[in-house]
Amino acid sequence: MGLPRHRKTLPAAHSKESEGSYPAVDEDLLKTLPAVLRAVVRALGFGRAREWLADRGGVNVSIPARRTQALGLEPDELARLRVTLAPHLDAAGRCWLPKADKLFIRVRDAQIRKDKSNASINALARRHSLSSRHILNICREDDDRQFDLF
């Protein structure tokens, strides 16, 4: 199975030598994120993406080809972001960025689902500052998705 056509020719910023410069991110986490959010987290890492989206999420942002002070990114971060967001950019190099709260909620919910067999509902509620009803609803969403497959 080959790579998608738009990925065959990679810019110099994404050569094999620079592949190791991408931040390490949990693949299970990436699978739970929508495409644009996944690209931002892959390019910047989870912590940096969280900070960056807290300032710039929820708006249509132009991703410049060259370094600018406006986005507050380092040159290597900008290059990685440009590469990972390439399929999502319009002709003018703009992309709609999700708000940071979407990232927090998805990660939190995934962690709750992962921990539900190892901790009580009350312990999870205290750990995440949520009500036990909210914890049950999050776990139920996961169960409902399994039934949708059949």
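Worth saying up front: this structure is predicted, and the values here are computed from it rather than measured. (Residues numbered from 1 in each chain as written. Predicted model: local features only at pLDDT ≥ 70, side-chain atom pairs only at ≥ 80, totals over all residues. Heavy atoms only, no water.)

Colleague: Quick question: what am I supposed to make of the environment of R42 here?
Modeller: Within the fold, R42 resides in helix α2 (residues 35-44). With near-sequence residues (within four places) excluded, R42 lies in contact with Y22, P23, E27, L30 and T84. (Helix = DSSP H or I, 4+ residues; strand = E, 2+ residues; numbered from the N terminus. Contact = heavy atoms within 4.5 Å.)

Colleague: I'm lost on the packing of aromatic side chains in this one. Help?
Modeller: Centre distance and the angle of the planes are the two values used to describe a pair of aromatic rings. Throughout the structure, instances matching the rule amount to zero aromatic pairs. The residue whose ring lies beneath R80 is Y22, and the NZ or CZ to ring-centre distance is 5.8 Å. (Phe/Tyr/Trp six-rings, centres within 6.5 Å; stacked < 30°, edge-to-face > 60°. Lys NZ or Arg CZ within 6 Å of the ring centre and 35° of its normal.)

Colleague: Got a minute to help me understand the packing of α2 against helix α4 (residues 75-85) in this structure?
Modeller: Packed helices, taken two at a time, are described by the angle between their axes plus the distance between the axes. Packing of α2 against α4 leaves a shortest axis separation of 8 Å and a crossing angle of 150 degrees. Between α2 and α4, the angle is such that the two are roughly antiparallel. Here α2 runs over α4; the crossing is right-handed. The residues of α4 that touch α2, namely those facing V36, A39, V40, R42, A43 and L44, are E77, R80, L81, T84 and L85. (Axes fitted to C-alpha atoms, helices over the stretch in contact; angles between N-to-C directions. Parallel < 35°, antiparallel > 145°, perpendicular 65-115°, else oblique. Left-handed = near helix turned anticlockwise from the far one by under 90°.)

Colleague: Before we go on, may I ask you to explain unusual backbone geometry in this structure?
Modeller: The phi angle of most residues is negative, glycine excepted, and most peptide bonds adopt the trans form. Its identity as a non-glycine residue notwithstanding, S129 has a phi of 55 degrees, on the positive side. Among the secondary structure elements, S129 is positioned in the loop between α6 (121-128) and α7 (132-148).

Colleague: Sorry, what's going on with the environment of K99 here?
Modeller: You can see K99 is positioned in the loop between β2 (94-96) and α5 (100-115). On a C-alpha basis, the gap between K99 and G58 in space is 4.5 Å, while along the polypeptide they are 41 residues apart. When sequence neighbours within four positions are dropped, the list of residues in contact with K99 reads G57 and G58.

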